[in-house]
Amino acid sequence: MQFEAGKIFVDVLDVTQQPLDAMAGLAYVTGQGLAVRNGAENLFVGTVRNHNLGKKVLGISYDVFIPLAKQSFLEICQEAQAKWGEELDFYVVHAQGKLDIGGVSIVIAVGSPHRDEAFKASRYVIEEIKHRSPVWKLEHYEDGDSEWSKGCELCSSNHKHEAHVI
Amino acid sequence: MHITLQTFGAFRQFGQNIRLELSDDAKVADLRSPLIAALAEFGANFDIAGLVGSSRFATETEILEEDAILHNGNLITILPPVSGG
């Protein structure tokens, strides 16, 4: 069968207008009918939990530098293709705006001919986004206070992350 | 020359943009001192100098090296430590 390069879709959505759709990500990397060429689809969904560092959380507001964030998502997916196969398909959508507990903050779907690459590429994408993509969380607490997450310090080069605190 | 700094994350409380005056041969690393001085006037509930020190600067397409040369009128974005996902 002729080699076919994988496809990549990245976006940032204002979740006050439209919630993220995990199933849309899965459908994107699965394909349809006779065009289905992947045998393994891995779906990662990030959601807002009700606690962090001992505090009760009511919600999180996500601030995103959209052009650079989308570019970083694209570069990270391309790196994953270089590592685990140019034929891998990726769907990465991150939330912007305020989410309540249980709200979906990120959807990462990876399609691959085989499961090992799908798991590894999915893990790579979420870890690199946490370290490199320009996104910031403002946590809203039960006591009415809000606080920006400490986060990971960026390096000048996009491809290194040494000093980080999560 | 003047530089407009676009803010994100914890720097949002200081406004969407901060205008800085710098010498004509200024580089990216030279943004920090005048920025810290400008923000100190506002006051904050965190260590301003510490957060500026752990932040990077970027355009819409790349994170800038510390020795990158700035130009009059540049729009630069400050990136405090990130916490996406």
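Residues numbered from 1 in each chain as written. Chains lettered and ligands numbered in written order. Predicted model: local features only at pLDDT ≥ 70, side-chain atom pairs only at ≥ 80, totals over all residues. Heavy atoms only, no water.

Moving on, we come to the overall build of chain B. Across its full length, chain B holds two helices and four strands. Counted from the first residue to the last, chain B has its helices and strands arranged as β-β-α-α-β-β. A globule of 85 residues ought to have a C-alpha radius of gyration of about 12 Å, and chain B, at 12 Å, matches this closely. Taking all 85 residues of chain B together, the buried fraction comes to 48%. Once local pairs closer than 6 in sequence are excluded, the contacts in chain B between residues at least 24 apart make up 55%. Summing over all exposed atoms, chain B offers an accessible surface of approximately 3,900 Å²; the carbon and sulfur share of this is 48%. Seen as two clouds, the 5 positive and the 11 negative side-chain charges of chain B have centres 4 Å apart. (Helix = DSSP H or I, 4+ residues; strand = E, 2+ residues; numbered from the N terminus. Rg over C-alpha atoms; globule rule 2.2 N^0.38 Å. Buried < 20%, exposed > 50% of the residue type's maximum accessible area, 1.4 Å probe, protein only. Contact = heavy atoms within 4.5 Å. Areas by Shrake-Rupley, 256 points an atom, 1.4 Å probe, with all protein chains shown as cover. Lys, Arg positive; Asp, Glu negative; His and termini not counted. Charge placed at Lys NZ, Arg CZ, Asp CG, Glu CD.)

What follows concerns the packing of aromatic side chains. All names here are of chain A. Tallied over the full model, the rule gives nine aromatic pairs over all chains. Ring centres of Phe9 and Tyr91 lie 5.3 Å apart, and the angle between their planes is 20°; on these two criteria the pair is classed as stacked. Here Tyr91 lies in strand 5 (residues 89–100) and Phe9 lies in strand 1 (residues 8–14), a separation of 82 residues in the sequence. On the basis of relative accessible area, Tyr91 is assigned to the buried category, the value being 10%. (Phe/Tyr/Trp six-rings, centres within 6.5 Å; stacked < 30°, edge-to-face > 60°.)

Below, the discussion takes up helix 1 (residues 32–40) of chain B. Residues and elements named next belong to chain B. Those residues of helix 1 that sit buried are Arg32, Leu35 and Leu39. Burial along helix 1 is one-sided: seen end-on, the buried residues are contained in an arc of 65°. Exposed side chains of helix 1 directed beyond 90 degrees from the buried face belong to Ser33 and Ala40. Where helix 1 is buried, its residues contact strand 1 (2–6), strand 2 (17–21), helix 2 (48–53), strand 3 (56–58) and strand 4 (75–79). (Arc of directions from axis to C-beta.)

Our next topic: the side chain of Asn42(A). All names here are of chain A. Its location among the elements puts Asn42 in strand 2 (residues 40–47). Only 3.2 Å separates the side chain of Asn42 from the side chain of Ser122, close enough to count as a polar contact. Ignoring sequence-local partners within four residues, the contact set of Asn42 consists of Ile108, Ala109, Val110, Ala118, Phe119 and Ser122. (Polar contact = N/O pair within 3.5 Å; in protein donor to acceptor, adjacent residues only side chain to side chain.)

Looking now at the layout of surface pockets. All names here are of chain A. Its boundaries defined by the atoms lining it, the largest pocket holds a volume of some 610 Å³. Along the walls of the largest pocket sit 30 residues, with Arg49, Asn52, Lys137, Glu139 and Ser149 positioned nearest its centre. Those elements that place two or more of their residues in the lining of the largest pocket are strand 2, strand 3 (51–52), strand 4 (55–64), helix 3 (115–132), strand 7 (135–141) and strand 8 (146–148). Per element, the largest residue contribution to the lining of the largest pocket is four residues, and it comes from strand 4. Residue composition of the lining of the largest pocket, by class: 13 nonpolar, ten polar and seven charged. (1 Å grid on protein atoms, 1.4 Å probe; cavity = no way out; pocket = protein on both sides within 12 Å on 5 of 7 lines; lining within 4 Å. Points joined across faces, edges and corners; volume = space filled by probe spheres on them. Nonpolar A, V, L, I, M, F, W, Y, C, P; charged D, E, K, R; others polar.)

The next thing to look at is the confidence of the model for chain B. Per-residue pLDDT for chain B averages 96, and the proportion of residues at 70 or more is 100%. In the predicted complex, the global pTM is 0.93; the interface-specific ipTM is 0.95. (pLDDT = per-residue confidence, 0-100.)

Moving on, we come to helix 1 (residues 22–30) of chain A. Residues and elements named next belong to chain A. Where helix 1 is concerned, the buried positions are Ala22, Gly25 and Val29. Seen along its axis, helix 1 keeps its buried residues to an arc of 60°; they face one direction. Here the buried face of helix 1 lies against strand 2, strand 5 and strand 6 (104–112). At the N-terminal end of helix 1, a side-chain oxygen is found 3.1 Å from the backbone nitrogen of Met23, two or three residues along, and the residue is Asp21. Looking at the residues trailing helix 1, positive phi occurs at Gly31, about 80°.

Facing 25 residues of chain B, the contacting portion of chain A comprises 31 residues. Taken over both partners, the interface formed by chain B and chain A buries close to 2,300 Å², and the fraction arising from carbon and sulfur atoms is 57%. When the area that chain B buries against chain A is broken down by residue, the three leading residues are Val82(B), Ser83(B) and Gly85(B), summing to 30%. Across the pair Glu153(A) and Arg56(B) runs a salt bridge, and its minimum N-O distance is 3.2 Å. The interface formed by chain B and chain A includes 13 residue pairs in polar contact (both at pLDDT 80 or more). (Buried area = accessible area lost by both parts, 1.4 Å probe. Salt bridge = Lys/Arg side-chain N within 4 Å of Asp/Glu carboxyl O.)

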